[in-house]
Amino acid sequence: QVQLVESGGGLVQAGGSLRLSCAASGRTISSYAMGWFRQAPGKERDFVAAINHSGGLTYYADSVKGRFTISRGVAKNTVYLQMNSLKPEDTAVYYCAANPIIIPRNVRDVEDDYWGQGTQVTVSS
């Protein structure tokens, strides 16, 4: 079983940047596709970005395209989300997710055991 732990969240002013990290333990995720999702208060969990196992394919929600970048570490066991030009509407809990077969671009693509615990990102205006 894989455990995913996010870090890097915090409070930032609009226009600022944050870098989220997702580290895996228990087993390697180098062969897994990975994704980032976010959930604002009172809203559903939404897709943000995803990357295939090799790092050669990436996907983004329209709302973050051009501002966020998903990447994998050299050992492929860590996934990052670089967030630039942050807006107040980016405020949410950000979750890391894994899928051993498909690139997760919908919450239905992620089984319960493949979510991290989340990290809070708050963007002030």
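Residues numbered from 1 in each chain as written. Predicted model: local features only at pLDDT ≥ 70, side-chain atom pairs only at ≥ 80, totals over all residues. Heavy atoms only, no water.

K.L.:
I'd like a rundown of the sheet that holds strand S2 (residues 10-13), residues and numbers included.
P.N.:
Sheet strands pair via backbone hydrogen bonds, and the direction of the pair is either parallel or antiparallel. The mixed open sheet is built from six strands, whose spatial order is S2-S10-S9-S4-S5-S6. A strand with exactly one partner marks an edge of an open sheet, and here the two such strands are S2 and strand S6 (58-60). Averaged over neighbouring strand pairs, the angle between their axes works out to 30 degrees when direction is ignored. By the bridge criterion, three bridges tie strand S5 (residues 45-51) to S6 in an arrangement that is antiparallel. Across the sheet, the residue bridging to Ile51 is Thr58, located in S6. (Pairing = 2+ DSSP bridges. Helix = DSSP H or I, 4+ residues; strand = E, 2+ residues; numbered from the N terminus. Axes fitted to C-alpha atoms, helices over the stretch in contact; angles between N-to-C directions.)

K.L.:
Describe the packing of aromatic side chains, with residues and values.
P.N.:
Inspection of every chain in the model, using the stated rule, returns four aromatic pairs. Ring centres of Tyr32 and Tyr114 lie 5.8 Å apart, and the angle between their planes is 50 degrees; this geometry places the pair in the tilted category. One end of the pair, Tyr32, is in the loop between strand S3 (18-25) and strand S4 (33-39); the other, Tyr114, is in the loop between strand S9 (92-99) and strand S10 (119-124), and 82 residues separate them in sequence. We note that Tyr32, like Tyr114, is buried. Residues Tyr95 and Trp115 carry aromatic rings whose centres are separated by 6.4 Å and whose planes lie at 85 degrees to one another, so their mutual orientation is edge-to-face. Of the two residues, Tyr95 sits in strand S9 while Trp115 sits in the loop between S9 and S10, which places them 20 residues apart along the sequence. Given a relative accessible area of 13%, Tyr95 falls into the buried group. Judged by relative accessible area, which is 17%, Trp115 ranks as buried. Through pairs of rings, three or more aromatic residues link up here, namely Phe37, Phe47, Tyr95 and Trp115. Of note, Arg45 hangs over the ring of Tyr95, and the distance from its end group to the ring centre comes to 3.6 Å. The lysine or arginine in question, Arg105, covers the ring of Tyr59, its NZ or CZ lying 3.9 Å from the ring centre. (Phe/Tyr/Trp six-rings, centres within 6.5 Å; stacked < 30°, edge-to-face > 60°. Buried < 20%, exposed > 50% of the residue type's maximum accessible area, 1.4 Å probe, protein only. Lys NZ or Arg CZ within 6 Å of the ring centre and 35° of its normal.)

K.L.:
Could you give me a rundown of the state of the cysteines, with the residues and numbers involved?
P.N.:
Going through the model one piece at a time under the given rule, you end up with one disulfide. The disulfide bridge from Cys22 ends at Cys96, spanning 2.0 Å between sulfur atoms. Classification of the bridge connecting Cys22 and Cys96 rests on its S-S torsion, roughly -75 degrees, and on that basis the disulfide is left-handed. Of this pair, Cys22 sits in strand S3 while Cys96 sits in strand S9, placing them 74 residues apart in sequence. Each member of the pair, Cys22 together with Cys96, is buried. (Disulfide = S-S within 2.5 Å.)

K.L.:
Please provide a residue-by-residue account of the side chain of Asn52, values included.
P.N.:
Take Asn52: it is sitting in the loop between S5 and S6. For Asn52, a relative accessible area of 10% puts it in the buried group. Within the structure, Asn52 has its side chain in polar contact with the backbone nitrogen of Leu57 (distance 3.0 Å). The contact partners of Asn52, leaving out residues within four places of it in the chain, are Tyr32, Ala33, Leu57, Arg72 and Ile103. (Polar contact = N/O pair within 3.5 Å; in protein donor to acceptor, adjacent residues only side chain to side chain. Contact = heavy atoms within 4.5 Å.)

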